[in-house]
Each structure stands twice: as C-alpha cells, then as structure tokens.
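Okay, here's what each chain looks like letter by letter:
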Amino acid sequence: AKGGGLEKTGRLTLCTTEMETVYDLGTKMIESLTKEKVTAGDVITIDKASGKITKLGRSFSRSRDYDAMGSQTRFVQCPEGELQKRKEVVHTVTLHEIDVINSRQQGFLALFTGDTGEIKGEVREQIDHKVAEWREEGRATIVPGVLFIDEVHMLDMECFSFLNRALESEMAPVLVIATNRGIAKIRGTDYMSPHGVPLDLLDRLMIISTSPYEQEDVHSILKVRCEEEDVEMTDDALELLTRIGMETSLRYAIHMIIAASLVAEKRKNAEVEIEDIKRVYTLFVDVKRSTQFLMEYQKEFMYNELDADGDGHGDINGDTDEENEEGADNEDQQKMEES
C-alpha cells in the first residue's frame with residue numbers, strides 16, 4: 001500500500017486453484033486486512049455487502065518449514081472454482097423478536113434495552129401477513145415452538161377458550177399439558193370432565209397414557225440420582241432404597257439420598273450403607289406412616305374433625321363459646337336491672 005496524503009490505496013491478489021484476480025483496495029479494506037493480520041498465503045472470505053473479512057486459515061500450498069507459526073495456526077485447502085460465490089445465511093428469530101423490532105423506534109436495539117412495552121394488534125397482524133408472504137415465496141419457514149403447561153386442571157374456562165382459539169392458528173406452537181387429576185370439576189364451573197379439562201379441548205389432543213414404575217425402573221432412576229448428587233452408595237443400600245421407593249413413593253426415596261449422605265458423612269464414611277438408610281427411614285416418615293400416626297393419635301391433636309364421639313376439641317371450643325355468650329347476656333340483664 002502507498003500513502004497519498006491521508007488516503008491509503010493498494011492492491012490485493014485473490015486466487016483459487018482455477019483463477020486469479022487483482023483488486024484495488026481502499027483505506028477501509030486495508031485497515032480490515034491489517035486488523036485480521038492477513039499475509040500472503042492466507043485463506044480468507046470477504047462479505048461483499050458489509051466488507052467483513054474472515055480469516056479461515058493458511059493454505060497448505062504456501063506453508064514452509066521455516067515459517068514461524070504458533071500452535072493455533074490452522075491449515076486449510078486452497079479454494080476451488082470461482083472467486084465470487086453466493087452463500088445463503090439462515091437467521092433464526094422468534095415472532096416476538098420481530099414484533100419488538102417493528103413496534104419500537106430503536107428497532108433492533110429494543111431487544112437489548114428490554115424496552116418491549118405493549119405491542120399493538122395492528123403490528124402483529126402486519127407481521128403475520130408478511131411472514132405468510134415469506135412462506136409462500138420460500139424465503140422463510142416456520143419452526144413451531146413448544147408450550148408446556150403443568151397442572152393444567154388449575155386453568156379456568158377463559159384460559160381453555162383462549163387455548164382453543166390459539167391452536168387454530170397456522171403459527172400455533174406444539175401444546176403439551178400435564179395433569180394428575182381423574183374425573184374432576186372444571187375450575188370455576190360445576191361441570192365434571194376427565195382430568196378437569198373441557199371435552200372440546202381434549203378432542204384436539206393426543207392423550208399419552210402412563211404406567212407405574214417397575215422395580216428396575218426405580219433402581220435405575222435412583223442410581224442416576226445418586227450420580228447427579230455425587231453420592232457414593234453401596235449396592236445393598238441401593239437395593240434397600242429401591243424397595244422403600246416401591247413401598248412408599250419414588251420422591252420419598254429420592255429425598256432420602258441426601259439425608260443418608262449426611263448421616264454417612266457424620267459417621268465419617270465415604271459411602272452410604274444400609275444402616276444410614278435405616279437411620280433416615282426412622283427419622284423421616286413417609287405419607288402412609290404419617291397418616292397412620294394421625295389416625296392412631298387423632299385425639300391428641302387440636303381441631304380434630306374425625307372424632308365421632310363428640311369429645312373433640314372442636315366441640316369443647318363450641319361449648320366454651322356458648323357459655324361466653326350466655327355469660328355476656330346475664331351481665332347485660334343485671335346492668336339493665338340496676339339502671
């Protein structure tokens with residue numbers, strides 16, 4: 001390059017295995033080449049639209065034994081064919097990002113500032129129409145997202161109506177819902193429905209049935225959980241924990257892993273053994289044992305509602321309230337007589 005006042009000019013020779021061309025360079029391109037530290041023998045790509053230069057590596061044909069290169073130097077084959085090639089660039093954006101870009105004055109910068117604000121319905125309709133045109137022209141494809149709703153029986157009729165309408169759209173996401181209810185009331189109504197979901201929505205869904213875990217499944221899950229929690233457990237202790245999980249619940253067995261690990265750590269033992277599992281089993285009860293305990297000692301608890309003899313604390317509190325009301329009436333009557 002040569003300096004003509006403040007302006008720099010130069011020439012660049014680009015070649016492939018089949019052709020060679022010389023280009024005149026301006027100040028901006030020379031600075032970009034200098035910034036990327038491009039030397040003779042490097043393989044580069046130049047974006048014609050933006051002028052961005054990307055260094056891919058160094059050509060095998062120009063490598064020399066005496067060249068001083070670092071371990072990070074990458075050698076690539078010399079390009080073949082023509083110098084100028086068309087390259088398709090795929091940009092993946094969400095419909096929400098397109099909405100934000102077109103609804104704010106700062107455009108693309110609104111995604112970084114977080115100033116999304118309210119998006120008008122007219123903007124959404126225009127974008128949907130434009131995206132539909134791109135699909136017809138083959139310039140864009142719609143990749144549906146996934147909407148997962150857990151405990152779907154907690155939704156009310158208004159939410160279910162919105163889901164029904166949203167699923168009819170061409171750009172609707174894949175809807176996955178989960179619930180553990182049987183025949184239950186739809187929230188906010190007196191209508192009974194399977195899983196607490198309206199029948200018109202159930203008719204649009206593919207229902208996946210589940211089955212209880214087998215003993216081998218529980219064993220595998222607990223083993224993976226021990227690995228995730230970095231807990232070393234003996235085979236005998238894992239078998240005992242598996243049996244507990246089958247008799248009680250899998251969640252209870254999973255919660256016992258950390259507790260048993262702490263008990264083993266207190267004994268200064270690296271592995272969880274059977275005695276640690278037994279210790280935790282005696283300290284923390286599961287739902288079945290807790291329910292049995294409440295049934296046996298129900299009279300010892302306050303506000304017991306299962307007392308059939310009428311001797312519970314609830315009745316005692318009721319009698320006390322009646323006595324207080326009668327005492328207050330007697331005091332009022334005495335005051336009236338004195339006056």
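Keep in mind that this is a model prediction, so the values were computed, not measured. (Residues numbered from 1 in each chain as written. Predicted model: local features only at pLDDT ≥ 70, side-chain atom pairs only at ≥ 80, totals over all residues. Heavy atoms only, no water.)

Overview of the packing of aromatic side chains
Here is step 1: Going through the model one piece at a time under the given rule, you end up with three aromatic pairs.
Here is step 2: A centroid spacing of 6.5 Å and a plane angle of 70 degrees characterise the contact between tyrosine 252 and tyrosine 281, whose relative ring orientation is edge-to-face. Of this pair, tyrosine 252 sits in helix α9 (residues 250-266) while tyrosine 281 sits in helix α10 (residues 274-283), and the two are 29 residues apart along the sequence.
Here is step 3: Residue tyrosine 252 is classed as buried on the basis of its relative accessible area, which comes to 10%.
Here is step 4: With a centroid separation of 6.3 Å and 80 degrees between ring planes, the pair formed by phenylalanine 293 and phenylalanine 301 is classed as edge-to-face.
Here is step 5: In this arrangement the basic side chain of arginine 289 is found over the ring face of tyrosine 281, its NZ or CZ atom lying 3.7 Å from the centre. (Phe/Tyr/Trp six-rings, centres within 6.5 Å; stacked < 30°, edge-to-face > 60°. Helix = DSSP H or I, 4+ residues; strand = E, 2+ residues; numbered from the N terminus. Buried < 20%, exposed > 50% of the residue type's maximum accessible area, 1.4 Å probe, protein only. Lys NZ or Arg CZ within 6 Å of the ring centre and 35° of its normal.)

Details of the nonpolar core
Here is step 1: In this structure, Leu222, Met233, Leu241, Met256, Val272 and Ile277 are the most contacted members of the largest nonpolar core, which totals 22 residues.
Here is step 2: Counting only elements with at least two residues in this core, the list comes to α7 (215-228), α8 (235-247), α9 and α10.
Here is step 3: Counting eleven residues, the second largest nonpolar core, distinct from the first, contains Val152, Leu155, Leu163 and Leu175. (Core = buried A, V, L, I, M, F, W, Y, C linked by side-chain atoms within 4.5 Å.)

Concerning the packing of α8 against α10
Here is step 1: At their nearest, the axes of α8 and α10 sit 8 Å apart, and the two run at 30 degrees to each other. Put simply, α8 runs roughly parallel to α10. Within the contact between the two elements, α8 uses Asp236, Ala237, Leu240, Leu241 and Ile244 and α10 uses Ile274, Ile277, Lys278 and Tyr281.
Here is step 2: Residues that form the contact of α8 with α10 fall into these classes: seven nonpolar, no polar and two charged. (Axes fitted to C-alpha atoms, helices over the stretch in contact; angles between N-to-C directions. Parallel < 35°, antiparallel > 145°, perpendicular 65-115°, else oblique. Contact = heavy atoms within 4.5 Å. Nonpolar A, V, L, I, M, F, W, Y, C, P; charged D, E, K, R; others polar.)

Quick word on the sheet that holds strand β4 (residues 42-46)
Here is step 1: With mixed pairing, the three strands of this open sheet are ordered in space as β4-β5-β6. Every other strand in the sheet has two partners, leaving β4 and β6 (75-76) as the edge strands with one partner each.
Here is step 2: Across five bridges, β4 lies against strand β5 (residues 53-59) in antiparallel orientation. When the sheet's bridge partners are listed, valine 43 is paired in β5 with glycine 57.
Here is step 3: With respect to the sheet, helix α1 (residues 27-36) is in contact with β4 and β5, its orientation differing from that of β5 by roughly 50 degrees. (Pairing = 2+ DSSP bridges.)

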